[in-house]
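Architecture at a glance
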Amino acid sequence: MTEQSGQGPALDNLLTESRTFPPSDEFAAAANARPELYREADADREGFWAKQAERLHWDTKWDQVLDWSDAPFAKWFVGGKLNVAYNCVDRHVESGHGDQVAIHWEGEPGDTRTITYSDLRAEVCRTANALLELGMNTGDRVAIYMPMVPEAIFAMLACARLGLTHSVVFGGFSAEALRSRIDDAQARLVITTDGQYRRGNPAALKPAVDEAVAQTPSIEHVLVVKRTSTDVEWTDGRDIWWHDLVDKQSDQHTPEAFDAEHPLYILYTSGTTGRPKGILHTSGGYLTQASYTHFNVFDLKPDTDVYWCTADIGWVTGHSYIVYGPLSNRVTQVVYEGTPNTPHEGRHWEIVQKYKVSIYYTAPTLIRTFMKWGADIPEKFDLSSLRVLGSVGEPINPEAWIWYRENIGASRTPIVDTWWQTETGAIMISPLPGVTSAKPGSAQRALPGVSAKVVDDQGNEVPHGGGGYLVLDKPWPSMLRGIWGDNDRYRETYWSRFAAQGYYFAGDGAKYDNDGDIWLLGRVDDVMNVSGHRISTTEVESALVSHPTVAEAAVVGATDPTTGQGIVAFVILRGGAVDGGAEAVKALRDHVAKEIGPIAKPRQVMVVPELPKTRSGKIMRRLLRDVAENRSIGDVTTLADSSVMELISDGLKKGT
Ligand code: 6R9
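Residues numbered from 1 in each chain as written. Predicted model: local features only at pLDDT ≥ 70, side-chain atom pairs only at ≥ 80, totals over all residues. Heavy atoms only, no water.

- Under the annotation held in an unreviewed UniProt entry, the protein carries the name Acetyl-coenzyme A synthetase and is attributed to Actinocrispum wychmicini.
- Per its UniProt entry, the protein bears the Catalytic activity (unreviewed entry) comment "acetate + ATP + CoA = acetyl-CoA + AMP + diphosphate".
- Regarding the protein, the UniProt comment filed under Sequence similarities (unreviewed entry) reads as follows: "Belongs to the ATP-dependent AMP-binding enzyme family." (UniProt positions renumbered as here; feature names shortened; annotations may be inferred.)

Structure below.
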């Protein structure tokens, strides 16, 4: 079989992209995934998942694979019991792989740690014993607010081992974001660091925790890893150094088996309102699908591969594809603490070369950044160890896909474009390397055992060539079990749009091509996707109007060549001032960064005299998007006052 070269039709138009890249015979012959998986799963879906669950060690086997009688609240592997941390750590030591490296950790300043599975077991046991000494009980919630240091992974696994439910909060989020998440989950403990390295410099982290916990009475202790030796304030009795508490603990701890449906973690994600949703994941079904997908989608060979997922543990990709999926499969992986251009723009490729990384999983926004930095940078490094490349977080444009394959994958490696969400827990739609003929820009097909459809407004499946909404029409093992503390919001958000059919509504637009392959087209709700991070327009609007100078705000996601979308805010200032001035605009951008986190900082803030609204008062973001993307303005007939758009455009022309 021959592969087509990268020459072809217009690269940047996803709908006219027609090249395909079949797997080489050699790759297909050795692949973990087999084409029969689709048939096996279709013939007996529950039997298929039961077989995948056998990948794990169960202390008690389940009586029933799926209980969907209380839909949309699923129970998988009913009656089964297991320990998630045992599955990710101890069993690999017990099967004779204690000396295998689990984690090659690379710190941003260049310090390193090599952690074998025996080391990992000892660290997780010590951490678990420390959490017991702090009086933590099964079911308690623990917030983890840390950079990418090994202790973050030890902490997650120690929670899993004890049946504590972790809530990891991205270290780039603000004190306020941390406060609201701690409060919503009523966490008893926060684990953090004194500081974190950011672009070569230590930045304090603990002050944000101090600020957050001043208003969260549920927190009893703050456990602090020393990372940057930054000076920190200390509250005696409440604050404890990790090295004082954890290092003295025994490295032995006997894991207890928990119910398959025991809550494993809560992870907050943006919805269409200003209030983030605590997505709840449980144990047995989640680990089954994380493990199965990691093994098949990345073709993991535990004895020879070196895997690297560049996500942060603050996002679901870090949960499922750094911690639970890979470790359950006895991976050897690289974990990197820092940014991709510290101290130079070849840092990732230097790491690939150093550890002979064979599987590399990243986000389109980073691929486009690498494109911008230039192909001569990866060219300087030996990337010949790479054999599978992955992409996640947003649609990957064919141009970036081709660049990735040619410049990183030596025009040889398969690329898996993996569609999934915080809510789905694990990969749902993706090519299978060695099986699928890849199409640049398309995630293609639901994995064996998973079912997805593209439907119209009424919930009817669209024909090949047609577009509509992506739905998941059958329950899957790693599906969210709800929104923490809010069953109504769970039903309303995901299950009400296509209630008649009982479909899960993902919030994404999608289309089928003529072969029936799925192309994801981005969010259809008020959620923006900035560098693969989900941020709701309402969340940014609420942050803006909390500033004393702002009367009203409307936020849109405008197409951005690097970050996918960029945040553009339109604000009306109090007292009707129309000249924001650079100072005022900077203050507003900084205010959003402080309220939510730097990732939510608007790319642009435009001060306007009015906002376009319908007669019922709904802001017409579509028109603002036209302005933000420098397009001619669309249909204004439903505006309450059709002259508003002229006012806005005239004002902006004068202002620039
Ligand atoms: C894993 C993750 C989920 C949203 C999702 C969609 C977008 C993710 C994608 C993709 C097209 C892909 N998305 N992967 N869109 N192709 N391969 O990113 O979770 O942060 O919850 O975001 O990201 O819009 O709905 P999360």
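1. Quick look at the site of the ligand
- Around the ligand sit 17 residues in total, of which Asp-417, Thr-422, Asp-508, Arg-523 and Arg-534 are the nearest.
- Measuring from a nitrogen atom of the ligand, one finds a backbone N or O atom of Gly-393 at 3.1 Å.
- Within the side chain of Gln-421, one N or O atom sits 2.9 Å away from an oxygen atom of the ligand.
- Contributing elements (two or more residues each) for the shell around the ligand: helix 11 (316-328), strand 20 (415-418) and strand 25 (518-523).
- Among the residues making up the shell around the ligand, the classes are represented as six nonpolar, six polar and five charged. (Near = heavy atom within 4 Å. Polar contact = N/O pair within 3.5 Å; in protein donor to acceptor, adjacent residues only side chain to side chain. Helix = DSSP H or I, 4+ residues; strand = E, 2+ residues; numbered from the N terminus. Nonpolar A, V, L, I, M, F, W, Y, C, P; charged D, E, K, R; others polar.)

2. Examining the packing of aromatic side chains
- This structure, assessed with the given rule, holds 35 aromatic pairs.
- Both rings, one in Tyr-321 and one in Tyr-361, keep their centres 6.0 Å apart while their planes meet at 85°; by these two values the pair is edge-to-face. Of this pair, Tyr-321 sits in helix 11 while Tyr-361 sits in strand 18 (residues 359-362), placing them 40 residues apart in sequence. Tyr-361 shares its class with Tyr-321; the two are buried.
- Cluster of aromatic residues (ring-pair linked, three or more members): Trp-68, Phe-73, Trp-476, Tyr-490, Tyr-494, Trp-495 and Tyr-504.
- A cation over a ring is seen here: Arg-497 above Tyr-469, with NZ or CZ 5.0 Å from the ring centre.
- Across the ring face of Phe-505, the terminal group of Arg-497 is positioned such that the distance to the ring centre comes to 6.0 Å. (Phe/Tyr/Trp six-rings, centres within 6.5 Å; stacked < 30°, edge-to-face > 60°. Buried < 20%, exposed > 50% of the residue type's maximum accessible area, 1.4 Å probe, protein only. Lys NZ or Arg CZ within 6 Å of the ring centre and 35° of its normal.)

3. Remarks on the nonpolar core
- Leu-120, Leu-131, Leu-157, Tyr-324 and Leu-327 are the most contacted members of the largest nonpolar core, which totals 119 residues.
- For this core, the element with the highest residue contribution is helix 6 (residues 150-162), accounting for 10 residues.
- In this structure Tyr-324 touches Val-84, Cys-88, Met-156, Leu-157, Ala-160, His-166, Leu-264, Tyr-265, Tyr-286, Leu-287 and His-319, once residues within four positions along its chain are discounted.
- Val-169, Ile-182, Val-213 and Ala-600 belong to the second-largest nonpolar core, a separate cluster that totals 41 residues. (Core = buried A, V, L, I, M, F, W, Y, C linked by side-chain atoms within 4.5 Å. Contact = heavy atoms within 4.5 Å.)

4. What about the UniProt feature "modified residue: N6-acetyllysine" (unreviewed entry) in the protein?
- As recorded in UniProt, the feature "modified residue: N6-acetyllysine" (unreviewed entry) lies at Lys-618.
- Checked against the element boundaries, Lys-618 lands in the loop between strand 30 (604-607) and helix 19 (621-628).
- Once residues lying within four places of it in the same chain are set aside, the contact partners of Lys-618 are Pro-612 and Lys-613.

5. Notes on the pattern of salt bridges
- Enumeration according to the criterion identifies 49 salt bridges in this entry.
- A salt bridge links Arg-481 to Glu-261; the nearest nitrogen and oxygen atoms lie 2.9 Å apart. With Arg-481 in the loop between strand 22 (467-472) and strand 23 (482-483) and Glu-261 in the loop between strand 13 (258-259) and strand 14 (263-269), the pair connects residues that are 220 residues apart, well separated along the chain.
- Of the residues examined, Arg-481 reaches a relative accessible area of 8% and is grouped as buried.
- By relative accessible area, Glu-261 is classed as buried at 18%.
- For Lys-601, the salt bridge goes to Asp-590, with nearest N and O atoms at 3.2 Å. In this pair, Lys-601 is assigned in the loop between helix 18 (581-595) and strand 30 and Asp-590 in helix 18, connecting sequence segments 11 residues apart.
- On the accessibility criterion, Lys-601 (32% relative accessible area) is partly exposed.
- The exposure class assigned to Asp-590 is partly exposed, which follows from its relative accessible area of 30%.
- Several salt bridges converge on common partners, so that one network encompasses Arg-34, Glu-36, Glu-40 and Lys-51. (Salt bridge = Lys/Arg side-chain N within 4 Å of Asp/Glu carboxyl O.)

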